[in-house]
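Remarks on the overall topology
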Amino acid sequence: MNEKQFTISEVIDSFGITKHSWVLFIILSLAQVLDGYDFMIINSTNLFVAHTFWPNDPNPGALMGSLTTWGLLGMVIGGAFGGILSDKIGRKKVLIGAVAFYGVFTLPQAFASDLTMFAAFRLIAGLGVGSCIPVVYTVFSEVMPSNRRGFFITCGGACMVGGWVIAGLVANPICNAATPLLGGFTEMVTYTNADGTTATMFSNWRLCYLIGGIPVLYAIFLAFAMRETAHWYANTGQTEKAIEVLAEFETKSVGTSTKRDPNAIIIPPRPEKTTPNVLFSKKFIVGTSAIWTVCFVGQFCVYGMNAWLPTWFKSIGYSASDAVALQTWNNVAAIISNCLVGYVSDTMGRKKCLIFAWILCIVVIIACSLFVTPDSFIICAVLMLAFGFALNFAISAIYPLMPEQYPTAIRNTGTAWCQAFARFGGSASSIVLGGIATMAIFQAGGTTNWSSVVLTLIIPFALGLICTLVFVRDTYGKSLDTLTSENSGSSDSGTAPFAIMMCIVVILFALCIICPLAIPNWSKLPIALPLMACGMLLPFLFFFVLGGKQLIAEKVKKQ
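Let me sum up the structure you'll find in this document. (Residues numbered from 1 in each chain as written. Predicted model: local features only at pLDDT ≥ 70, side-chain atom pairs only at ≥ 80, totals over all residues. Heavy atoms only, no water.)

All right, on to the packing of helix H6 (residues 149–175) against helix H12 (residues 320–348) then. Where H6 contacts H12, the axes come no closer than 7 Å and their chain directions differ by 170°. Accordingly, the angle class assigned to the pair H6 and H12 is roughly antiparallel. A per-class count over the contact of H6 with H12 returns 15 nonpolar, eleven polar and two charged. (Axes fitted to C-alpha atoms, helices over the stretch in contact; angles between N-to-C directions. Helix = DSSP H or I, 4+ residues; strand = E, 2+ residues; numbered from the N terminus. Parallel < 35°, antiparallel > 145°, perpendicular 65-115°, else oblique. Nonpolar A, V, L, I, M, F, W, Y, C, P; charged D, E, K, R; others polar.)

Next comes the structure, spelled out in C-alpha cells:
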C-alpha cells in the first residue's frame, strides 16, 4: 500500500477513545433513551389502557398483548424502509426524520377515544421508532474505534433500556394516581375485575403519551449537533466531504488537523447490488442466518416477557404498583448487562460471549420459575435483576454483530432488516405467550400458573444457543474496512432465497399476528398453537437449510 493511502477506519482508530467520542456517544444515545421510552410506555400502561377501552372485560389478556403488537408492527415496517433510506440518503437525515416522526405521532395516542384510534397512531409512531434504532447502531459502528466498537454499540443499547426504565418510573406514579392529573382530560373509568367486582381509576395514562412528544424537540437539536459519517460519504463517492468530517473529528479529538488527500482514501469495493435480496446471496447468507435467527430469539423473549411480567406478578398477589416496580427492576439490570456485554464481547469475542449468554439465560429462567413466589418481594426483585441481566446480556451481545456482517453500502439495510424480522418475534411473542398461558396444562384453580409458562422460554433459549454455535463467526477487533474487503467480489443476487423468505414472513405474520387478532378466541382453538409454533419455526428451518448448505460449501472449498 502507498504510504499516502489510508482507510477511514485507520484514521478513526488512530484517534482512540477521546472526549469527542463520548460527546458523540451522549448525543446519539439520547435518541435511544427517547426511543426506549416510546416503546416501553405501552407495556407500562397497557393494563390501564385496557381498563379504559375494555372496561367490561375482566380478563383482557390477549387485548393487552395486541397493544404491544401494533407498535412492533410499525417498527417492522419502519425498520425495513428506514434501513434502505439510510444507505441511500445518509444516516443523519434518516435519524432526524425518524426521531421527529415518532415524537409527532405519539402525541395523538394521548387523545385516543377508542382502540382503533390508539392502535392506528401506535402503528404509525412505530415507523419512526423502527427506523431510529438500527441507524444509531450503524453510526456507532462507523464513528467508534474498531477495538471498542462493540462496547459503544451495546452501551447505546443500554441507553435504550434506560428509556424503558424511565417509562416505568414515569408510568407507575402517574397511572396509579388517585386523582385526575389533567382534570376532565383524564376521565374516571369504572371497570370490572376478574372476580366480578368493579373498581374505578382515572385515565392518567394519557399524560405518559403527552410526555412522549419530547423527541420532536430533540430532533431539532440533532439537526445541529450531528454530522454525517465519513464512511457513508466515502462510500457514496463524496470523498471531499469525508475528509472534512475526518478533519473536524480529529480537531475535536486531539486538537489538531492533518491534511489528507481525498483521492488517497482506500474505499473497499461496493457490492454489485445493494437491494435487500443481496443479504441472502451466497456471500452474505451465513452472516444473515446468524444475526436473523439469534436476534429473532432474543426479541421474542425480551418483548414477550416484558409484556407479561406485570400480569405474572399481579396473578400471584402483588399490587399493580409492585408489579410495575418489579418489571422496572428487570430493566435496571438490563442497563448493567448492556454496558458490560460490549466489553466482554470486545475482549473474549462475539461468539463466546453469545454462547455464555444463552447458557446463563437457561439457568436463570429455571431459578425464576422455582423461586418467584407471593409475599417475597425482595426475592422477586433479586430474581428480576438476574433475569433482566441474563436476557438482555444475550440480546445485546447480538448488536455488535449486525453492522459487522455487511459492507457500508448495505450496512444499515442489513442491520435494519435483521431487526425488522426479529420484531416479528417480538410482535408475536406477547400473543403466543398469552395463548400458551391459556392452555389447560398451565391452569391451576382457574388462574394461570406463570411459573410454568416461563419455563417454555427454555426452548427459544436453546434454539438461540444452537444457532450461535452453527452460524456465528467472530468479527471483533477487525476494522469495518477489513470486514468489507473480506466480503468484496462478485456474488449471486439472492433473489430466489429472498422471495422464499418473504413468503415465510407472510405465513408467520398470518398465523401469529393476524389470526389471533382477527379470529375470536383463536388461541383457545386446538389447532391454533401448533400452527403458530410451525410459523415460528419455519424461518429457522429456512436458515438451517440455506445457511447450512453454504457452510458446507465453504468447508469443502477450503479442503
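The terminal C-alpha atoms of helix H21 (residues 528–558) lie 45 Å apart, and with 31 residues this matches the ideal 45 Å at 1.5 Å per residue to within 8%. Where H21 bends most, at Leu537, the angle is about 30°, and the proline Pro539 comes one to four residues later. Against the buried residues of H21 lie helix H11 (285–315), helix H16 (411–437), helix H18 (458–471) and helix H20 (495–518). (Expected span 1.5 Å × (residues − 1). Bend = angle between axes of the 7 residues up to and from the residue. Contact = heavy atoms within 4.5 Å.)

Moving on, we come to the state of the cysteines. One pass over the full model with this rule turns up zero disulfides. Cys301 takes part in no disulfide bond, and the closest cysteine sulfur to it belongs to Cys361, at a distance of 7.3 Å. Of all cysteine sulfurs, the one in Cys512 lies closest to Cys515, which takes part in no disulfide; the gap is 8.8 Å. (Disulfide = S-S within 2.5 Å.)

The full count for this structure, using the stated rule, is 38 aromatic pairs. Judged by centre distance (5.7 Å) and plane angle (85°), the ring pair of Trp22 and Phe25 falls under edge-to-face. Residue Trp22 and its partner Phe25 are located together in helix H2 (residues 19–53), separated by three residues, close to a single helical turn. By the ring-pair criterion, three or more aromatic residues cluster together here, those being Phe280, Trp292, Phe296, Trp417, Phe421, Phe498, Phe540, Phe542 and Phe543. (Phe/Tyr/Trp six-rings, centres within 6.5 Å; stacked < 30°, edge-to-face > 60°.)

To continue, consider the pattern of salt bridges. When the charged atoms of two side chains lie near each other, side chains of opposite charge can form a pair. This model, assessed by the stated rule, comprises twelve salt bridges. One salt bridge in this structure joins Arg122 and Asp38, with 4.0 Å as the shortest N-O distance. Taken together, the residues Arg122 in helix H5 (residues 115–143) and Asp38 in helix H2 connect sequence positions 84 residues apart. By relative accessible area, which is 3% here, Asp38 ends up buried. Sharing partners across several salt bridges, the network here consists of Asp87, Arg91, Glu142 and Arg411. (Salt bridge = Lys/Arg side-chain N within 4 Å of Asp/Glu carboxyl O. Buried < 20%, exposed > 50% of the residue type's maximum accessible area, 1.4 Å probe, protein only.)

The next thing to look at is the nonpolar core. Of all hydrophobic cores here, the largest spans 178 residues; its most connected members are Leu95, Trp292, Trp312 and Phe313. In terms of residues, this core owes the most to one element, H11, which gives 19 residues. (Core = buried A, V, L, I, M, F, W, Y, C linked by side-chain atoms within 4.5 Å.)

Tracing the chain through its elements places Ser9 in helix H1 (residues 8–15). On the basis of relative accessibility, which here comes to 4%, the residue Ser9 falls in the buried class. Ignoring anything within four residues of it in the chain, the contact list for Ser9 reads His231, Ser479, Leu480 and Asp481.

Let us now look at the environment of Asp38. The sequence separation of Asp38 and Gly71 amounts to 33 residues, and the corresponding C-alpha distance is 9.4 Å. Those residues in contact with Asp38 that sit more than four places away from it in its chain are Tyr102, Thr106, Arg122 and Val129.

What follows concerns the pairing of strand E1 (residues 188–192). Of the strand pairs in this sheet, E1 and strand E2 (residues 198–202) are connected by five bridges, and their pairing is antiparallel. In the sheet register, Met188 faces E2, and the bridge partner there is Phe202. Connecting E1 to the antiparallel partner E2 that follows it, the hairpin turn spans five residues, and Gly196 within it adopts a positive phi of roughly 95°. (Pairing = 2+ DSSP bridges.)

Moving on to the side chain of Thr415. By the element assignment, Thr415 lies in helix H16. Given a relative accessible area of 0%, Thr415 falls into the buried group.

On to the packing of helix H13 (residues 350–371) against helix H14 (residues 377–396), then. Contact geometry for H13 and H14: axes closest at 8 Å, N-to-C directions at 155°. It follows that H13 is roughly antiparallel to H14 by the angle criterion. Where H13 crosses over H14, the handedness of that crossing is left-handed. Together, Cys353, Leu354, Phe356, Ala357, Trp358, Leu360, Cys361, Val364, Ile365, Ala367, Cys368 and Phe371 of H13 and Ile379, Leu383, Met384, Ala386, Phe387, Phe389, Ala390, Leu391, Phe393 and Ala394 of H14 make up the contact between the two elements. Looking at side-chain class alone, the contact of H13 with H14 contains 22 nonpolar, no polar and no charged residues. (Left-handed = near helix turned anticlockwise from the far one by under 90°.)

Mapped onto the elements of the fold, Lys524 is located in the loop between H20 and H21. C-alpha of Lys524 to C-alpha of Ile436: the two residues are 88 residues apart in sequence and 9.2 Å apart in space.

Purely spatial values, then, with no claim about function.
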